[in-house]
Structure formats: C-alpha cells, structure tokens
Amino acid sequence: DVKVTQSSRYLVKRTGEKVFLECVQDMDHENMFWYRQDPGLGLRLIYFSYDVKMKEKGDIPEGYSVSREKKERFSLILESASTNQTSMYLCASSRQNSYEQYFGPGTRLTVT
Amino acid sequence: AQKVTQAQTEISVVEKEDVTLDCVYETRDTTYYLFWYKQPPSGELVFLIRRNSFDEQNEISGRYSWNFQKSTSSFNFTITASQVVDSAVYFCALAPNTGFQKLVFGTGTRLLVSP
C-alpha cells in the first residue's frame, strides 16, 4: 500500500513561531504536494515539487516555503506563523506521469 | 481559468436511499481529467475515480456510478442504496493539461447517511 505520513495530526503554535510540517512517502513518487483545507473553500494548493530540490508555487504560497532535500520527504515551513494560517494541512504524492494523488491523514494546525 | 463547483454543501439521507452529488467544472483546455475523492472522518482523502475528457462513457463500480456530460460540463456521482459508511466529504477535482498533474478541487459536499 502507498503510504503518505505526516509528522503530527494536531499541532498548536504561537503567533510568530517558525513551524515545520513534515511529509514522507514510501512509494518513490516524483511529485509531492501541500494543500490547506478550510471549510467552504475546499483544498487549495500551496506548493508542489516534481523532483528533489525543485519546487513550484501553487495558488496560495504567501507566508509559506517548502523544502525537498530527499525524494521521499517534503517539508512545509511557516516562517512566522499567523492566526490566519490555522487550518488543516494535507500532503499528497503521485508518480511522475500520474494524476492520481495519494494523501496523508492531515495535520490540524492551530495558531494562537 | 479552471474552476470546480459543488453547489451542494451538505446532504442528509437515510440508509438505502440513492443520492447524487453534483459537480460542474469550467476549463478552456480540450484535454483534461476529472476526479472524485472521498474524505472519511479519519481525514485522509481516498481516490475514487478518474475520467479522461475524451471518454464520456458512464462508469459503474458496485454501488457507485458516475455520469460525465461534456455538453453541460458536469461530472455527477451517484451512490445507490447508501450506507452509513458512505458518510464523508466528497470532493470533485479537475486536472488541467498543464503537465504538472496539479488538481483544482471543488469545495466538497458533506454526505451524512443516517441509519
């Protein structure tokens, strides 16, 4: 089975803190994605990566950065967390020429 | 611009009822893919189906069926004889022909099936 794991299911951070969300996939997928999910807004793409050290901005990259030093790991970084970044964050991966994305269980981040 | 609209925010049915989830999309691409994902209470999105824009045949998988109509830009999902385990949020998504396999998601429809 394809497995996408995220480092935490629940996370509480304070405004201004630097936050790292980690995602690991075990199927040697080339593509990895970070989304945030908010009520009434569905899933919105923050960043994606199609190869190690490569990254592309999604629809809402402001306030976020990413890192992909190894193929299996894709990190989402909130440089200075703000309350409007309170959300559910979902990581996904897919093979190079496949549109089928496999999702992790999500991290519910609360910024106070 | 690419857009997916799921006008039904929440649907409640009683077990064994049939239910249809609507999905309307907008794209200027001639080639694209459409998807349905299920998000159960555990949170992990589960892939259900992918359709190519060239293939308008309806598809049936057990109690699930999908109706793709290019003329109305719709890709509706029907669950026959619903069960409590079908309770979840369902997302329709569109993959534009950009080459990076990016998905554009609708806002989701929450389905609640009561016993």
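Keep in mind the model is a prediction, meaning the values are calculated, not measured.

## Overview of the overall build of chain B
Alright, step 1. Looking only at helices and strands, chain B has zero helices and 12 strands in total.
Alright, step 2. Here the C-alpha coordinates of chain B stretch approximately 45 × 30 × 20 Å along the principal axes.
Alright, step 3. Going through the 115 residues of chain B one by one, you find that 43% of them count as buried.
Alright, step 4. Accessible surface computed for chain B: about 5600 Å², of which carbon and sulfur atoms make up 48%.

## Remarks on the interface of chain B and chain A
Alright, step 1. Each partner contributes to the interface: chain B provides 22 residues, whereas chain A provides 23 residues.
Alright, step 2. Between chain B and chain A, the buried area comes to about 1900 Å², and carbon and sulfur atoms account for 59% of it.
Alright, step 3. For the interface between chain B and chain A, the tally reads zero salt bridges.
Alright, step 4. Applying the counting rule to chain B against chain A returns three residue pairs in polar contact (both at pLDDT 80 or more).
Alright, step 5. Listed by contribution, the elements that provide at least two residues to the side of chain B that touches chain A are β5 (33–39), β6 (46–52) and β10 (88–95) of chain B.
Alright, step 6. No other element matches the four residues that β5(B) contributes to the side of chain B that touches chain A.

## Things to note about the packing of aromatic side chains
Alright, step 1. Taken as a whole and assessed by the stated rule, the structure comprises 22 aromatic pairs over all chains.
Alright, step 2. Centroid distance F103(A) to Y37(B): 5.5 Å. Interplanar angle 80°. Geometry classified as edge-to-face. Linking F103(A) in strand β10 (residues 102–103) with Y37(B) in strand β5, this pair reaches from one chain into another. Grouping residues by exposure puts F103(A) and Y37(B) together as buried.
Alright, step 3. One aromatic cluster is present, formed by F33(A), Y35(A), F48(A), Y99(A), F103(A), Y33(B), F35(B), Y37(B), F47(B), F91(B) and F105(B) through successive ring pairs.

## Let's talk about the environment of T86(A)
All names here are of chain A.
Alright, step 1. You can see T86 is positioned in the loop between β8 (73–78) and β9 (87–94).
Alright, step 2. Look at T86 and you get partly exposed, because its relative accessible area is 31%.
Alright, step 3. Separated by 18 residues in the primary sequence, T86 and R68 place their C-alpha atoms 23 Å from one another.
Alright, step 4. For T86, the residues in contact, after removing those within four places along its chain, are R36, D38, L109, T110 and V111.
Alright, step 5. At a separation of 2.9 Å, a polar atom in the side chain of T86 contacts the main-chain amide nitrogen of V111.

## Remarks on the sheet that holds strand β3 (residues 19–25) of chain A
Residues and elements named next belong to chain A.
Alright, step 1. Within the open sheet, the four strands sit side by side as β1-β3-β8-β7. Their pairing is antiparallel. The sheet terminates laterally at β1 (4–6) and β7 (65–70), the two strands that pair on one side only. Strand after strand, the sheet turns through a mean of 20° between neighbouring axes, direction not considered.
Alright, step 2. Pairing between β7 and β8: four bridges, direction antiparallel. Following the sheet pairing, K70 is matched in β8 by R73.

Rules used in this analysis
- Residues numbered from 1 in each chain as written.
- Chains lettered and ligands numbered in written order.
- Predicted model: local features only at pLDDT ≥ 70, side-chain atom pairs only at ≥ 80, totals over all residues.
- Heavy atoms only, no water.
- Helix = DSSP H or I, 4+ residues; strand = E, 2+ residues; numbered from the N terminus.
- Buried < 20%, exposed > 50% of the residue type's maximum accessible area, 1.4 Å probe, protein only.
- Areas by Shrake-Rupley, 256 points an atom, 1.4 Å probe, with all protein chains shown as cover.
- Contact = heavy atoms within 4.5 Å.
- Buried area = accessible area lost by both parts, 1.4 Å probe.
- Salt bridge = Lys/Arg side-chain N within 4 Å of Asp/Glu carboxyl O.
- Polar contact = N/O pair within 3.5 Å; in protein donor to acceptor, adjacent residues only side chain to side chain.
- Phe/Tyr/Trp six-rings, centres within 6.5 Å; stacked < 30°, edge-to-face > 60°.
- Pairing = 2+ DSSP bridges.
- Axes fitted to C-alpha atoms, helices over the stretch in contact; angles between N-to-C directions.

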